[in-house]
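# Structural features, examined
Residues per chain are reported as follows:
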Amino acid sequence: MDLPSRYNPNEVEPRILARWEKRGWVCDPKSGKKPFSIVIPPPNITGRLHMGHALNNTLQDVVIRFKRMDGYEACWFPGTDHAGIATQTVVEMELLREGKTRKDLGREAFLARVWQWKEKYGNEIVEQLKALGCSCDWSRLRFTLDPGLSQAVRTAFVRLYREGLIYRGEYLINWCPRCETALSDLEVEHEEVQGNLYFVRYPLEGGGYVTVATTRPETMLGDTALAVNPRDERHQHLIGRFAILPVLGRRLPIVAAQEVDPEFGTGVLKITPAHDPVDFHIGQRLGLPAINVLNGDGTINENGGPFAGLDRFKAREALVERLQADGLLEKILPYRHAVGHCQRCRTPVEPRLSTQWFVRTTPLAEPAIRVVQEGKIQFIPERWTKVYFDWLENIRDWCISRQLWWGHRIPAWYGPDGEIFVAMDEEEARTLARAHYGKDVELRQDEDVLDTWFSSALWPFSVMGWPEKTSDLETFYPTDLLITGFDILFFWVARMVMMGLHFLGDVPFRQVLITPLIVDEKGQKMSKTRGNVIDPMDLIQSHGADALRFTMVHISGKGRSARFSRALLDESRDFLNKIWNMARFILTTTADLPAGLALEGRSLAWEDRWILSRLVSVIEEVRAHLERYLFHLAAETLYHFVWGEVCDWYLEIGKVRLYGEDQEARRTAQLVLRTLLADIVRLLHPFLPYITEEIGTYLGLEVSRSAFPRADAGRRDPEAEKVLAAFQELVREIRALRSELGLDPSRELEVVVTGGAWAERVLGDLGPALARLARVRAKLAPEALPPQGAAQGLAGDIAFFIPLAGELDWAAAEARLRKTLAKVEAELRALEERLGEEAFRERAPEEVVAEAEKRARELRARRTRLLRLLEGKR
RNA sequence: GGGCGAGUAGCUCAGGGGCAGAGCAUCCGGCUUACAUCCGGAAGGCCAGAGGUUCGAAUCCUCUCUCGCCCA
């Protein structure tokens, strides 16, 4: 066995990955094992892996590997999302570089081009997920535009339509003039911008004028009324009168509406039902006409009179100039206000009256709220529940049509008179039309596609083959866990719950783990404009997937945001190297271990009993943390066990036997080492799949398919833990004393250990280990008195001295004893004070009082010994 | 305006009613035959502030401050 002294992930990971690829992670819904399932949040085909993916896919993989090892039929369903706007934009940009637009190509050719693009780049992210080590069942890889999933989308649409839960109508929607499509409320991001408040005079019929304040003067071209608050005494006299719209000269009734905020501007609001949500409602209630003044591309349409054809912002300037010329502009004040921007392209969106398809959400939201109230779905951390409720309780209808080409085309056909036929396909639509008209007519399919999130909402069951009745659905639905970021809680999570309940009659998942947002070292969001984006693939290149995963797990316990830093990644890499060298040490020192030897029945040393006892606790802790999805705590437990206990202590103590003469003892040590290593790699495997699989091969163990360790309570050994704790303290004290006395670290010293049976017990077997770890020859002399000039120390209740007359720095030795004494006295004082309080003795639990008394007794004994040592000094 | 999260060692953070922890950085000392991506030792804290609950608060409650985020 010839293993390099440094762990090299670049060599190991591709090799292990190839092995996994070959075998796959294919699940069997009929295995009879208890199922455990997760569906991946499908990454966009346009996307490359980002830190958010790295985080939540690492966590999903940790869970799935753990469950798989723990005997579940653990299935992780992978897939990708067609990402309507995002993908279409990317391909449009590509075309633009060739000087073409999608309109030049036409719908069919453009779609062919997007598919071409998808075939070329769409699977890149899948390869990246594989590199990260994700053990998805890749045989079940799905894409939201696959035939099966498209069938699911059409089925859902048709059913919702026939149930009256999807409707078409003319409403005010958010419009992105760059994407030239409608957007849902969620796709609009509000941002504070510095703008102006324009005060415009509207002449009154019969003389005079009224001043109206607006941030978007160009929309006045669509004004159909003015409004004041009915309780605003200043403007009572205006109600019922008419104003004249500047430039266009339209007659505007002045109405009363309680939505008008008397504090804003002059307290008089212009009503533009086609371009403002509040105005839209007022207009609807009062039956005011709505005049759309915008084209799809953001230019003013024919309703804008002299401004027709101008871009909305140019029109604003032109209109303001005109008002000024007409003497109708009172003033312009700078004004900060929130403006909606397109989530995709950052273009300011316009509220715009338009005919679109909507999902009626209230009836769907109600059961989605109820299942969470009833605990059928649980959010982790729990506080997200409230956010979920708040949104669903105030939900508005969901605009699902998009004026794009890339996506699921809306399965609706129109007759010559505009009659709508919603059907699974054209043939069915034709049948419906024939029944309606009594003859064959020309049908035209709706040009629009569905919001990407519509297909995403069906994802947990569409990936399993719905609407077919599949064994996957039967076994794996509902899934057990969803791991995702809070940014898509509304976009995706809430909608999956609504759709899952509606179509399957059951929740899509039982638990939702919300992960934090990864931010940079300074706590700033990663963004292209900031230039602080870190590509996880670069990190895999430089540090390996395992190191990246461990770092992700490390920071996964945070609340809303988690800072990523290179320092943490280096720390993870160091840990991997530590694991590697631990394994290397164990493998080489046990290479001669004959097969067939068993640990059972052998007489174990203190350190064996101790480490095996600790292993029991570690297994229990790791399991408990994993069950509660406290990944960072599980990882931390393992980190400290491996590094701080196994490597720092057990291996070092073990060298006594491994390098010693006693063959039987050596065999025992080897057997314990092998046992330990096999358990450690399996405990670590969900977090660090590559290195553990690699080490496993040297143990003849396929770690990824082996059983996750179970705690063997019979190995719990409090006595051994106590002995080792005493031993460790003794070693630490001697080391500290040596260091503080400035003694040559390589020099072997003599140490005389005094103290009774306990010291004898600790040193009886561990004497040689003490020699090794503290570089001392230890002599047990219960009754010995320290000679003049010996340095003395105390570890627990074991006293020792180093008889080195004439060589020592007395002050340093004494200082150390005094420092220890000060600590003991401080703690004892606090303890005695507490014990002196009657209230404490009466009200604190018995065991707490008993524990305090015991500790106080120990401290008193310690103090006595320390004082005696200090006295004996002179 | 409403809501959420964070504030603990110089830095990044664990912990979450009963002895304040880790890693990094710092200082001192070591290439000791698994590992210098290492080993040993040391130093470093009014757990943001003020009240409250409790025998006991870093931890629970209230308010305040600072930072970050979400929704309107």
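Residues numbered from 1 in each chain as written. Chains lettered and ligands numbered in written order. Predicted model: local features only at pLDDT ≥ 70, side-chain atom pairs only at ≥ 80, totals over all residues. Heavy atoms only, no water.

### A short note on the overall build of chain A
Quick note on the threshold: Only DSSP runs of H or I reaching four residues or more are called helices, and only runs of E reaching two or more are called strands; each is numbered from the N terminus. The size measure is the radius of gyration over C-alpha atoms, and the globule rule it meets is 2.2 Å times the number of residues to the 0.38 power. When accessible area is computed with a 1.4 Å probe and restricted to protein chains, residues below 20% of their type maximum are described as buried, those above 50% as exposed, and intermediate ones as partly exposed. In this analysis, two residues are considered to be in contact whenever any of their non-hydrogen atoms come within 4.5 Å of each other. Note on areas: Shrake-Rupley with a 1.4 Å probe; residue coverage comes only from the protein chains shown. Positive charges come from Lys and Arg alone, negative charges from Asp and Glu alone, with His and the N- and C-terminal ends not counted. To locate a charge, take NZ of a lysine, CZ of an arginine, CG of an aspartate or CD of a glutamate.
When you go through chain A residue by residue, the secondary structure sums to 28 helices and 29 strands. Here the C-alpha atoms of chain A give a radius of gyration of 37 Å, more than 25% beyond the 29 Å that 2.2 N^0.38 yields for 874 residues. Projected onto its principal axes, the C-alpha coordinates of chain A cover approximately 115 × 65 × 55 Å. Burial status across chain A gives 55% buried among its 874 residues. Across chain A, contacts joining residues at least 24 apart in sequence account for 78% of those joining residues at least 6 apart. For chain A, the accessible area works out to roughly 38200 Å², and carbon and sulfur atoms hold 49% of it. Each charge class in chain A was averaged separately, 116 positive and 125 negative side chains, and the resulting centres sit 2 Å apart.

### Section: the domain arrangement of chain A
For clarity, the threshold we go by: Boundary definitions for the domains trace back to an automatic or database domain assignment.
Taken domain by domain, chain A comprises domain 1 (175-352), domain 2 (553-697) and domain 3 (721-872). One C-alpha centre belongs to domain 1, the other to domain 2, and the line joining them spans 69 Å.

### Here we look at the packing of helix 18 (residues 545-555) against helix 21 (residues 631-658)
For the record, the criterion: Only the contacting stretch of a helix is used when fitting its axis, a line to C-alpha atoms as for every element, and angles between N-to-C directions run 0 to 180 degrees. The scheme is simple: roughly parallel for angles under 35 degrees, roughly antiparallel for over 145, roughly perpendicular for 65 to 115, oblique for anything else. Crossings are sorted by hand: turned counterclockwise from the far helix by less than a right angle, the near helix makes the crossing left-handed, and turned clockwise it makes it right-handed. Under the scheme applied here, ten amino acids are nonpolar (Ala, Val, Leu, Ile, Met, Phe, Trp, Tyr, Cys and Pro), four are charged (Asp, Glu, Lys and Arg), and all others, including Gly, are polar.
At a closest axis distance of 7 Å, the pairing of helix 18 and helix 21 adopts a crossing angle of 120 degrees. As the angle between them shows, helix 18 and helix 21 are arranged oblique. Judged by the sense of rotation from one axis to the other, the crossing of helix 18 with helix 21 is left-handed. Listed contacts from helix 21 to Phe550, Val553 and His554 of helix 18 are Phe631, His632, Ala635 and Tyr639. By residue class, the composition of the contact of helix 18 with helix 21 is five nonpolar, two polar and no charged.

### Points about the sheet that holds strand 7 (residues 188-203)
By way of backbone hydrogen bonds, the strands of a sheet pair with one another, either parallel or antiparallel. Stated formally: Paired strands, in this sense, are two strands between which DSSP finds at least two bridges.
The strand order across the open sheet built from three strands is 8-7-13, with neighbouring strands paired in antiparallel fashion. Edge positions in the sheet fall to strand 8 (209-214) and strand 13 (329-342), since each has one partner strand and no second. Strand-to-strand twist in this sheet, taken as the mean axis angle between neighbours without regard to direction, amounts to 20 degrees. Sheet strands touched by helix 9 (residues 312-325): strand 7 and strand 13. Its angle to strand 13, the strand with the most contacts, is close to 165 degrees.

### A closer look at unusual backbone geometry
Glycine aside, negative phi is the norm for most residues, and most peptide bonds take the trans geometry. For the peptide bond that leads from Ile380 to Pro381, omega is -5 degrees, which places it in the cis range. Note that Pro381 resides in the loop between strand 15 (378-380) and helix 11 (384-393). The peptide bond linking Tyr477 to Pro478 adopts the cis configuration, its omega dihedral lying at -5 degrees. Looking at where Pro478 falls in the secondary structure, it is placed in the loop between helix 15 (471-476) and strand 22 (479-485). Its identity as a non-glycine residue notwithstanding, Glu180 has a phi of 55 degrees, on the positive side. Tracing the backbone shows Glu180 in the loop between strand 5 (166-176) and strand 6 (181-183).

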